[in-house]
Amino acid sequence: MADKKNILTYAGLKKLEDELQELKVVRRQEVAQKIKEAREQGDLSENAEYDAAKDEQRDIEARIEELEKILKNVEVVVEDEIDLEKINVGCRVKVYDVEFDEEMEFSIVGSTEANSLQYKISNESPVGKALIGKEVGDSVIVETQAGSIEYRVLAIQRVS
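Residues numbered from 1 in each chain as written. Predicted model: local features only at pLDDT ≥ 70, side-chain atom pairs only at ≥ 80, totals over all residues. Heavy atoms only, no water.

Asker: How would you summarise the overall build of the chain if you had to cite specific residues and measurements?
Answerer: Within the chain, the regular secondary structure consists of three helices and seven strands. For the chain, the sequential pattern of α-helices and β-strands runs β-α-α-β-β-β-β-α-β-β. A compact globule built from 160 residues should have a C-alpha radius of gyration of about 15 Å, whereas the chain, at 22 Å, is more than 25% larger. Counting only contacts in the chain whose residues sit at least 6 apart along the sequence, the fraction spanning at least 24 positions is 54%. (Helix = DSSP H or I, 4+ residues; strand = E, 2+ residues; numbered from the N terminus. Rg over C-alpha atoms; globule rule 2.2 N^0.38 Å. Contact = heavy atoms within 4.5 Å.)

Asker: Describe the packing of aromatic side chains, and please don't skip the residues or the numbers.
Answerer: Scanning the model with the defined rule gives one aromatic pair in all. Here the aromatic rings of F106 and Y151 are separated by 5.9 Å at their centres, their planes lie at 80°, and the arrangement is edge-to-face. On the criterion of sequence distance, the pair formed by F106 in strand 4 (residues 102–109) and Y151 in strand 7 (residues 147–158) is long-range, its members being 45 residues apart. Side by side, F106 and Y151 carry an identical accessibility label, which is buried. (Phe/Tyr/Trp six-rings, centres within 6.5 Å; stacked < 30°, edge-to-face > 60°. Buried < 20%, exposed > 50% of the residue type's maximum accessible area, 1.4 Å probe, protein only.)

Asker: Provide a residue-level description of the nonpolar core, including the pertinent values.
Answerer: As a rule of thumb, nonpolar side chains are buried together in soluble globular proteins. In terms of nonpolar packing, the biggest core is built from 18 residues, with I87, V93, F106, I108, V127, L131 and Y151 touching the most fellow members. Those elements that place two or more of their residues in this core are strand 3 (91–97), strand 4, helix 3 (126–131), strand 6 (139–144) and strand 7. Apart from the residues lying within four places of it in its own chain, the contact partners of Y151 are V95, Y96, D97, M104, F106, V127, D138, S139, V140 and V142. (Core = buried A, V, L, I, M, F, W, Y, C linked by side-chain atoms within 4.5 Å.)

Asker: Requested: an account of the layout of surface pockets, with residues and values cited.
Answerer: Approximately 320 Å³ is the volume found for the largest pocket. Listed by contribution, the elements that provide at least two residues to the lining of the largest pocket are strand 1 (6–9), helix 1 (10–39) and strand 4. Looking at which element gives the most residues to the lining of the largest pocket, the answer is helix 1, with five residues. Here the residues of the lining of the largest pocket sort into six nonpolar, seven polar and six charged. (1 Å grid on protein atoms, 1.4 Å probe; cavity = no way out; pocket = protein on both sides within 12 Å on 5 of 7 lines; lining within 4 Å. Points joined across faces, edges and corners; volume = space filled by probe spheres on them. Nonpolar A, V, L, I, M, F, W, Y, C, P; charged D, E, K, R; others polar.)

Asker: Describe the packing of helix 1 against helix 2 (residues 48–72), with residues and values.
Answerer: Close contact between helix 1 and helix 2 brings their axes to 9 Å; oriented N to C, the two are set at 160°. Judged on the interaxial angle alone, helix 2 and helix 1 are roughly antiparallel. Classified by chirality, the crossing of helix 2 by helix 1 is left-handed. When its residues are assigned to classes, the contact of helix 1 with helix 2 shows 14 nonpolar, one polar and 13 charged. (Axes fitted to C-alpha atoms, helices over the stretch in contact; angles between N-to-C directions. Parallel < 35°, antiparallel > 145°, perpendicular 65-115°, else oblique. Left-handed = near helix turned anticlockwise from the far one by under 90°.)

Asker: A description of the sheet that holds strand 7 should follow, citing residues and the corresponding values.
Answerer: Taken in spatial order, the five strands line up as 5-4-3-7-6 in an open sheet, and their pairing is mixed. This sheet does not close on itself; its edge strands, each paired only once, are strand 5 (120–122) and strand 6. Averaged over all neighbouring strand pairs, the angle between strand axes comes to 45°, with direction disregarded. Relative to strand 4, strand 3 runs antiparallel, the two being bridged by six bridges. Bridge pairing in strand 4 places V95 opposite M104. (Pairing = 2+ DSSP bridges.)

Asker: Tell me what's going on with helix 1, and back it up with residues and numbers.
Answerer: The terminal C-alpha atoms of helix 1, which comprises 30 residues, lie 42 Å apart, in line with the 44 Å expected from a rise of 1.5 Å per residue. In helix 1, a bend of some 35° at L23 exceeds every other bend along the element. Those residues of helix 1 that are buried lie in contact with strand 1, helix 2 and strand 2 (74–77). (Expected span 1.5 Å × (residues − 1). Bend = angle between axes of the 7 residues up to and from the residue.)

Written out as structure tokens, the structure is:
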């Protein structure tokens with residue numbers, strides 16, 4: 001089975017590439033130095049610093065592997081080519097929440113970039129799935145764990 005494409009905006013791609021570079025160049029060296037210093041203390045069987053450094057090294061290598069896998073199968077959304085007539089990945093969407101009588105803004109991003117605290121919702125989330133393909137003026141009902149939510153699309157723009 002083919003790996004699924006990881007959809008990213010250019011900003012998301014840059015962030016992951018920067019993190020990978022930081023892990024490979026800086027963090028690997030820092031941990032190697034910690035391991036070296038811990039080894040110099042002698043007996044490794046009861047050396048907490050050595051164990052912690054080895055754990056940190058394992059975590060860094062796992063994250064590097066994860067990032068390389070994501071980046072190997074990435075599809076970048078070109079913001080300038082986004083059709084602003086319909087909601088898609090790379091759009092910022094202003095919606096009206098009918099029940100709570102409030103306006104909200106979301107950026108629709110790939111699942112790798114999703115961050116609810118920054119109002120970046122995944123195209124694979126219930127809200128993201130429901131909004132994809134909709135146009136200004138459309139209403140959509142989203143089924144969530146908390147129940148049904150009705151949104152009306154007010155505006156679509158590029159994520160800036």
